[in-house]
Structures are given as structure tokens and as C-alpha cells.
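Below are the chains, spelled out letter by letter.
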2 protein chains.
Amino acid sequence: MTPFLHRELPEPLYSQLYHWIKKEIEEGRLLPGMKMPSIRQLTAHLKVSRNTVEAAYQQLQSEGYLESVPKSGIWVAEIEKSPLHPNEVEHPIKLECKPSSEVLVDFEYGNVDLEKFPLKQWKKCLSDAVDQENNWLFKYSEKQGEFALRREISNHLLQSRGVRSAPEQILITAGTQTSMALICRLLALQGHTVAMEEPGYSGVRSVFEDERCHVEPMPLEKDGLSVEHIQTSRAKAVYVTPSHQFPFGMVLSISKRMRLLKWAYQSEGYIIEDDYDGEFRYRGQPIPSLKSLDEEERVIYLGTFSKSFLPSVRLSYIVFPPSLMGQYLRKFAAYNQSVSPIIQRAMALFMQSGEFERHIRRMRKLYQRKHQALLRSIEQHMGTKVKVVGEKSGLHILLKLKGVSTLELIEKGLQKGVKVYSPLSFWLNPTPEGHSYIMLGFGGLSIEEIEKGISLLASCLHEEEIGES
Amino acid sequence: MTPFLHRELPEPLYSQLYHWIKKEIEEGRLLPGMKMPSIRQLTAHLKVSRNTVEAAYQQLQSEGYLESVPKSGIWVAEIEKSPLHPNEVEHPIKLECKPSSEVLVDFEYGNVDLEKFPLKQWKKCLSDAVDQENNWLFKYSEKQGEFALRREISNHLLQSRGVRSAPEQILITAGTQTSMALICRLLALQGHTVAMEEPGYSGVRSVFEDERCHVEPMPLEKDGLSVEHIQTSRAKAVYVTPSHQFPFGMVLSISKRMRLLKWAYQSEGYIIEDDYDGEFRYRGQPIPSLKSLDEEERVIYLGTFSKSFLPSVRLSYIVFPPSLMGQYLRKFAAYNQSVSPIIQRAMALFMQSGEFERHIRRMRKLYQRKHQALLRSIEQHMGTKVKVVGEKSGLHILLKLKGVSTLELIEKGLQKGVKVYSPLSFWLNPTPEGHSYIMLGFGGLSIEEIEKGISLLASCLHEEEIGES
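The following paragraphs examine the structure supplied in this document. (Residues numbered from 1 in each chain as written. Chains lettered and ligands numbered in written order. Predicted model: local features only at pLDDT ≥ 70, side-chain atom pairs only at ≥ 80, totals over all residues. Heavy atoms only, no water.)

1. A few points about a positive patch on the surface
A cluster of like positive charges, contributed by Lys116, Arg361, Arg362, Arg364, Lys365 and Arg369 of chain B, occupies part of the molecular surface. In this structure Arg369 of chain B comes out as partly exposed when scored by relative accessible area, which is 42%. (Patch = residues over 30% accessible without salt bridge, like charges linked within 9 Å, V, L, I, M, F, W, Y side chains within 5 Å. Areas by Shrake-Rupley, 256 points an atom, 1.4 Å probe, with all protein chains shown as cover. Salt bridge = Lys/Arg side-chain N within 4 Å of Asp/Glu carboxyl O. Lys, Arg positive; Asp, Glu negative; His and termini not counted. Charge placed at Lys NZ, Arg CZ, Asp CG, Glu CD. Buried < 20%, exposed > 50% of the residue type's maximum accessible area, 1.4 Å probe, protein only.)

Structure follows, in C-alpha cells:
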């Protein structure tokens, strides 16, 4: 970080520094998730006053370029498009984009495979949906979501996840966060304690916090979250990812499942089961969902099409116990459904035609091959320098690093064109241990890209060793 | 209301009554919005105990079939599809539907015209959107919404509503209620006073209430809401529909606009301008939006495609002052965009091609003709028996009734196959005056249907007269 600051210019130094950093971020030389030098460090490095650096940092924070994380430091913010400098402009205007050649392989989590996607069939469903007897196009849609889609989801859940749910129990939503906000309100969780895995999905934690819940982190054990901790907590609800813990990847053991259900029955608490990637399990027996074991209607099941189909459909759903569904319809009678029925009906047609089940079977095989390639590459190139965490399902793994910190590896990786991510934000209270993982999402990468990415990343580890020796 | 109750059956009387009413609702003989007899009335009528009626009503309320409105009575609930008896099932199962032949003309508000809708072009845009260089399909989308759509909205607003807004100030949302919930959180309105017109859009009032705002109703005057009342309130924000007051239809006068802005500047309050149907004005000069007059960034502008395009796209937007947009991006950095980018990109293509502006021009002419037909029919068939309220724009009008109550007319209309609605729910504190209006939405009706509907409705008024004489 060496900006040229000109003391002879009329522009104050802090403003020069501010503009320089802003440009570095906008032009992609400083990337989101990178740590900035501390105020003290930068003051010393640039030989300017502390005020100069503070003022520049403050301005950048207030504009959203930088983010200060308590007890952690100052980071380049995650906002993909800067509010003042859009870099996703299509024709006719073509602004300069962040050069993408810089990143050769991006292990971003959340992307899905695009090569084998049945684009033609999906387009046909979109078109057929609009062609259906189409009075519905010109009206507001069913509050709970289109019945045809709920019926298909109900069938799918029974077949693939063992969940018995009438279409009348299903609510269509525009994503897991929307689902969680509704659930918080329905269960009146405001001001109450809710439990979630530590680490766990931060997107849901943000919702809990915004809904003014008191989030109590439940430590993870080898077979999933600590049920003892829940039993001694005052939690009114617990959010869990039992099929594939996010981000650690373990499966909640059957004995813990039974104990968790028992806790819910006895305390009249609710279990919110997020089965975000339950479709993609590569080894061992499929695990029955918590919902399928629930005998007293204490499990609220969350599903999504983001992993099994496309993130861009923005389509999720909640399976409520019948009594809660009734409560929802009364309490939220004034609210319109927020997912376009065009998308909902297209998805229903896609499922009705059998395309969806075929797609999942195809993707399961494909992701399994990618997953194997990833594990093989890691073993081959990294050997004992890392440990793979959570290896039986889903679209991501964690690597536990030895002798190198997450941030070092992220920076070194970027220099070689490999983008990897820290799972640190998934901790409510980050521990030193949290700094020793990286997260690798592989859904959107080809096998070649996976192999190349791991080999490049491994070379960073080797350098590290040489550097140390 | 004469159910047959059998005292000799083992089924308790309350249960027989419950099942009978439920069936009447499910089979469409009791319609949403109809008032049920009071417990006292029904007790007397059926010669059963008060407990019997109370128990049946309670059960029906808890299942969502009936709704008790304080100080008003018990009503058949508005839930279109009963949670336990879906009546919108498509192939292969075909359940019995509420016979639609019963309702010949439905003056429901919110529907749009389907005859002249450019279905072919819209389908092409959906298909072209998916065909675009489609990496985006496989990722989560831009948090603020697709840039291409925000750019088109920015152009449209400048041309049609005089609003200057950079795409960077625009946030795409899944409907006005979603927009309002976000705004409440962004402005930290919880626990604070917010003002809105009385009567006003109840969908937004529900959001304010759910966000625990204290809603202060602002009385309406001939030229819009009373600015004095706002000045003496402690409101931190006011929600207004200045172009076409909902539901009364008046335009907020220019002098009140200036005073309202002044209030916002001085009190550092915010004005939330909902321009829900600003595109459809039939007489007089177009009125500049409040946002276009705002010199100190105190107006938050809400727009929607529900009226100008299709309710089923579920696509709305907020134009924020730049500083609030920055705050939004920081405060809600953890939240994903909830509208599918497929819909967003299709809409952007539709706008880019010029189809959207053409569609609006076509619709404005068409709605104007419908509107004229409506006014003409009312004058011809109803003459001085009613007074038309709010007649210069939009897709609905109110009728002020004389000598007949809203509920009487609704019931009589239904008997003749005409469905009209009470605007009573738009009042926070319903006045006796509120009981003397009906609301007629005409967007989705043909001119023939409008004429037929009004003539049938008029015949109810005449009967009324005969009945009275």
C-alpha cells in the first residue's frame, strides 16, 4: 500500500488518501474481504498524522467501501457493486469492469453448475407458464404461493426427504432470509432467546439480530450442535442445519435428533430445520430430515431452490405445522405473496414434467465427481498441510490450515489468481481457531478449474514453507 | 341463514353449526366480506344457547374462516383459498370450485387489462433474458437489483414523472409492502410516530403496525391530507399518495406539497411518496411528483409495476436519497435481493425495447375509455343516487351512497351477480361516513362489463327505493 501523497497540492492529505484507496477498491486492486492496515500501521508507513488516516478511513467507511469489524480490524467491504461506481453496466454504456482475468479460479460459495443446466426446458416452462389460461397474470397471486407449485413441492419432499406435508402447509417465499423474518414474527421471537450453531449461517443470524432476538451460539461437536447447551438455554427456537451443518458439514446424529425433538416437545420450543442442500449427499445412507421424525409438530422445515436449481429463481419455501400455517394466514392476511407467480408456475411445470427430479439426479452425480476431484487434488497437492472438514455432501468444504493463516492464504491466492474465502463471518464470537479455515465452494467450477485452483493454492502453501525455513 | 340442526344426532350442536357455516363458505354461498349475524341474533334465530353459537364462531375464527373486527362485527374472512380446502387446483386433480357463474361482474381493485397486454413481446423478453450471456443465472444477484433494470427505471422516471434519480439510488423490491418494511428499519421508525392519510392504504398501515410504529391518521381535506396535522404531530415520517390519493383519489395541491416539503426540511422528517398509479392520469395537467420538487433529499419515492404493467411480476422499487442508499447498503449488506433476476432482466429488456412506454400509452387511452364508460354509466343509471369521488385518474373510483349502506348494496349486488367492495378497511378509525362508500376497480373489466355491472348495481338502488317507499 503505497499511495503517493503530495503535500504541495491544495487537496488535503486525508482526501488524497481517501481517493487513492477508493480507486484501488473500485478498480479491483483491493478486493472485498481483504484486511486493511491498521490506522497505527498506515500512519507509521506513510509518515502522516494519525488524523489523516483516521479521516480517510472514516469517510470510506461511511461510504461503504471499508468496514470496521470490532476486535478484528478494518476490511474492504463486501458490497459487490460500489454505490457510486456501478461496474455491471450492459450495452449501450460500457464502463470499465474489474478485470476478471485477474481471478482465474473463484471458489465462491453459492454458485451452481451451468454446463449441464437444462436451459431449453426451463425456458419452455417460463413460456408455457405465461401461455397457461392466463387470467392469473393480471391479478395479485395467492398469498401462500401458487397451489400448483406447493403441490409439486409436497410430492418432492415426500419422495426425496421423507417429509409429509400437505400443500396447505407450504408457504412460498423469496429466500431463506425472508422465511426467517416471517418465522421470527410469527413465533413472536422478538426480545427472546434463539439458538443457532456456532459457527452457523450468518445470513440467518443477521435476520435474528435485525428482529431483535438474543442469539445464543451453540457449540458444535463432532456429531452436530451440543444439545446440552440448548437444554440449559432459554431458547424459544433453534435454527439448525442437520443434514449438512453450515459451514462445517457434519451430520446431526440420530440420537441428537431425537434429543433435540424431545427438547422441543418438552419446552414447547420450535426447531427450524434448514435443509438447504439436502439433495446433494454423496456417501453413506441418506439421513431422514428432522421434520420427518417430528411427531408433535414442533419442526418448521425450510427448503430452497437456490442450490438444487438456480440461485436466480429466488424461490424458497417453509413447511409449517398446520396450526402455525393457520396462524400465519390470519396474522399476515394483509400481506401479498412476494414471489412472481410467473416464476412459481414455471417451476411447477418444470417439476410436473419430471425435469426437476432428472436435474437433481444429474447434478448429484456431477457434483459428486467435482467433489471427488476436489478431495483428490487437495490430497495430491496439499497432503498433510491441510485437513478437509465436512466431506460427505453439499457444494462446499472447509480446509483447516496448518502453519498459515486464512488471511495470508487469501492474499497469496489472489496473487496467483485463486480466490478463496474466510468462513470467519459465520462465527458470532470468532475464536482463534476460526482464523485457520478457508471455505471452498465448487458448485460453479469445472473439474479442470478445481484442479487448477487447488494446484495454484498449494503452491502458495509451499512458498509459505520456504519463506518460513 | 337457516342451518338444520339436529338435536337427536350425537354430534354436538355447535359442531353441526360449525360444519354448516364452513360448508357455506367453502361452497361460496357465504362470501368474503359478508357480515355474519351477531352471536345474539343467531342465538335468537336458531333458538340455541349462546354457548353453541360462540363455540362455532370461535372454531371458525381460529381456522380463519371468520374474522372478528372490533366494534364492527364478525365477517367472512378475506382468505381466498381456505387452508384446508384449496379450490385452485389444476390438472390432474380438479376439485369443486366456487361457481364463478355466480359473479357476472367483479369490480375488484388491483386487476389490470388483459385484452391489450403485449403477451408475445413479454414472453420474448423472458426468453431473451435467459438467453443473455447467462453466467448471472447461476449466481445470486446484485443486492440492489439488476443494474440494467435500475437504469431503465431511472430513464422512465425522468421522462414520465420528472424524477431525477441515478440507477445507484434505486433499490428493486418485491412489492410496496416489502419496500415499506425496509424503510421502517432503515429509518429506525420502530416505536416512533408515523403519519398517513385517513383513510389510506391499509396494506402499508399493516406494515407500520407490524414494525411497531405508532400510526397517526391525518385527516383528508379537498386538496389532500391536512398538513397542519403533520406539523403538530411528532411524526418522523409520513406516507402519502400525492398523485392520486388512495382510496379517495384527490391530488395533493401544489401549495400543500411545498408545505409538506418544508415540514420535512425543518423537522428532518421523511416523506414516503407512493406513486402507485401516477402513469394513469386522464384529465388536467400532469402533476409533478413530490420527489421532483425535493431539494433537500427528504423524499423517498416508491414505484411499482403492478398497475403500469402486471401485478404478477411482483416488481417494485424505491428511489432513495443517495445518503440513505449508502446506509441501506451498509445496514442490509447481509441481505440478498429477493426479486428473481430473470424477472428483472426481462423487464429491463421490455423497457429497453420501448415496449413499456408504448404499453403505458396504450393503457392510458384504454383506461381512460373505461373510466369514461364507468362515469357515463353511473350518471345514466344512478343519477343523483350516488356521488362519484376521485374521478381524474387511476384504476378505481369511490361512490358515495345515499340512502343505502355499503353492506346492503354489497349483498344486493351479489344477489344480482355484481361484486363490489367496501373501502372501510382503509380507515384506521372508521367513521359512520366510512360506511357509505363503495369502491369500484375497473382495470380488469371490459367496457361492456362495466356498463352491465353498473346497470345491475343501479337496479339494486331502485329496489331499495321501492322497498323503502
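2. Concerning the relation of the copies chain A and chain B
Think of it as a corkscrew move, a rotation about one axis and a shift along it, taking one chain copy to the other. Each copy superposes on the other: chain A lies on chain B with an RMSD of 0.1 Å after a rotation of 180 degrees and an axial shift of 0.1 Å. In symmetry terms, the pair is related by a two-fold rotation axis. Interface overlap between copies: 100% of the residues of chain A at the interface are likewise at the interface in chain B, consistent with a symmetric, same-surface contact. (Least-squares fit on C-alpha atoms with pLDDT ≥ 70 in both. Contact = heavy atoms within 4.5 Å.)

3. Describing the nonpolar core
One finds Trp122 and Leu440 of chain A together with Trp122 and Leu440 of chain B to be the most contacted residues of the largest nonpolar core, which totals 137 residues. Leu189, Ile272 and Ile318 of chain A together with Ile318 of chain B belong to the second-largest nonpolar core, a separate cluster that totals 59 residues. (Core = buried A, V, L, I, M, F, W, Y, C linked by side-chain atoms within 4.5 Å.)

4. Thoughts on the pairing of strand β6 (residues 214–221) of chain B
A regular strand places its side chains so that they alternate between the two faces of the sheet. Residue and element names in this part refer to chain B. Examined bridge by bridge, strand β5 (residues 193–198) and β6 share 6 bridges and lie parallel to one another. Of the residues in β6, the one forming a bridge with Ala195 is Glu216. With helix α7 (residues 202–210) bridging β5 and its parallel neighbour β6, the resulting β-α-β unit is right-handed. Here β6 runs beside strand β7 (residues 224–225); their pairing, made up of 2 bridges, is antiparallel. Bridging from a neighbouring strand, Leu220 pairs with Leu225 of β7. Taking the residues between adjacent antiparallel strands as the criterion, β6 and β7 are bridged by 2 residues. (Pairing = 2+ DSSP bridges. Helix = DSSP H or I, 4+ residues; strand = E, 2+ residues; numbered from the N terminus. Right-handed = clockwise from strand over helix to strand, strands pointing away.)

5. What about the sheet that holds strand β15 (residues 437–441) of chain B?
Residue and element names in this part refer to chain B. The sheet built from 3 strands is open, its strands ordered β12-β13-β15 with antiparallel pairing. Strand pairing shows two members of the sheet lacking a second neighbour, β12 (386–389) and β15, which therefore form its edges. Averaged over neighbouring strand pairs, the angle between their axes works out to 30 degrees when direction is ignored. The strands touched by helix α13 (residues 355–382) within the sheet are β12, β13 (396–401) and β15, with β13 carrying the most contacts at an inclination of about 15 degrees. (Axes fitted to C-alpha atoms, helices over the stretch in contact; angles between N-to-C directions.)

6. Focus: the sheet that holds strand β6 (residues 214–221) of chain A
Residues and elements named next belong to chain A. Spatially, 8 strands are ordered β4-β11-β10-β9-β8-β5-β6-β7 in an open sheet, and the strand pairing comes out mixed. Looking at strand neighbours, the two that pair on one side only are β4 (170–173) and β7 (224–225), the edges of this open sheet. Note: strand β8 (residues 237–240) against strand β9 (residues 270–274), 4 bridges, orientation parallel. In the strand pairing of β9, Ala237 is matched with Tyr270. Helix α6 (residues 176–186) contacts β4, β8, β9, β10 (299–304) and β11 (316–319) of the sheet and is inclined by roughly 160 degrees relative to β10.

7. Some points on helix α13 (residues 341–352) of chain A
Residue and element names in this part refer to chain A. Taking 1.5 Å as the rise per residue, α13 with 12 residues should run 16 Å; its terminal C-alpha atoms sit 16 Å apart, in good agreement. Counting buried residues in α13 gives 11 out of 12 residues, a clear majority hidden from the surface. Taken as a whole, α13 has its buried residues at Pro341, Ile342, Ile343, Gln344, Arg345, Ala346, Met347, Ala348, Leu349, Phe350 and Met351. Among the residues trailing α13, Gly354 stands out with phi positive, at a value near 85 degrees. (Expected span 1.5 Å × (residues − 1).)

8. Brief notes about unusual backbone geometry
Following Phe246 of chain A, the chain continues into Pro247 of chain A via a peptide bond in cis, with omega recorded as 5 degrees. By the secondary structure assignment, Pro247 of chain A is in the loop between β8 and α9 (254–267). Residue Pro199 of chain B is reached from Glu198 of chain B by a cis peptide bond, and omega for that bond is -5 degrees. Look at Ala188 of chain A: it is not a glycine, yet its phi comes out positive at around 50 degrees. You can see Ala188 of chain A is positioned in the loop between α6 and β5 (193–198). Owing to a relative accessible area of 39%, Ala188 of chain A belongs among the partly exposed residues under this scheme. Its identity is not glycine, yet Lys47 of chain B carries a phi of approximately 55 degrees, on the positive side. Within the element layout of this structure, Lys47 of chain B appears in the loop between α2 (39–46) and α3 (50–62). The exposed category is assigned to Lys47 of chain B, whose relative accessible area is 67%.

9. A few points about the side chain of Ser243 of chain B
Residue and element names in this part refer to chain B. The residue Ser243 is located in the loop between β8 (237–240) and α9 (254–267) in this model. Judged by its relative accessible area of 9%, Ser243 falls in the buried class. A polar contact of 3.1 Å, which involves the side chain of Ser243, links it to the side chain of Arg161. Of the polar contacts made by the side chain of Ser243, one reaches the side chain of Asp275; its length is 2.7 Å. Excluding anything up to four places from it in sequence, Ser243 contacts Arg161, Met250, Val251, Arg257, Asp275, Gly278, Arg281 and Ser393. (Polar contact = N/O pair within 3.5 Å; in protein donor to acceptor, adjacent residues only side chain to side chain.)

10. Examining the packing of aromatic side chains
All names here are of chain A. Within the structure shown, the criterion is met by 34 aromatic pairs over all chains. These aromatic residues form a ring-pair network of at least three members: Tyr109, Tyr201, Phe246, Tyr276 and Phe426. Geometry around Tyr437 places Lys400 over its ring, the cationic atom sitting 5.0 Å from the centre. (Phe/Tyr/Trp six-rings, centres within 6.5 Å; stacked < 30°, edge-to-face > 60°. Lys NZ or Arg CZ within 6 Å of the ring centre and 35° of its normal.)

11. Quick notes on the interface of chain A and chain B
The interface of chain A with chain B comprises 73 residues on the first partner and 74 residues on the second. For the chain A face of the interface with chain B, the top three residues by lost area are Phe138, Tyr140 and Arg314 of chain A, together amounting to 11%. One can count 4 salt bridges joining chain A with chain B. Between Arg185 of chain A and Glu211 of chain B there is a salt bridge whose closest N-O contact spans 2.9 Å. Our count for the contact surface shared by chain A and chain B stands at 16 residue pairs in polar contact (both at pLDDT 80 or more). Counting residues per element, the ones that place at least two in the side of chain A that touches chain B are α3 (50–62), α4 (119–131), α5 (147–161), α6, α7 (202–210), α11 (305–308), α12 (322–331) and α13 of chain A. For the side of chain A that touches chain B, the element with the highest residue contribution is α4 of chain A, accounting for 7 residues. For the side of chain A that touches chain B, the per-class residue count stands at 33 nonpolar, 21 polar and 19 charged. (Buried area = accessible area lost by both parts, 1.4 Å probe. Nonpolar A, V, L, I, M, F, W, Y, C, P; charged D, E, K, R; others polar.)

All we've got here are geometric facts, nothing functional implied.
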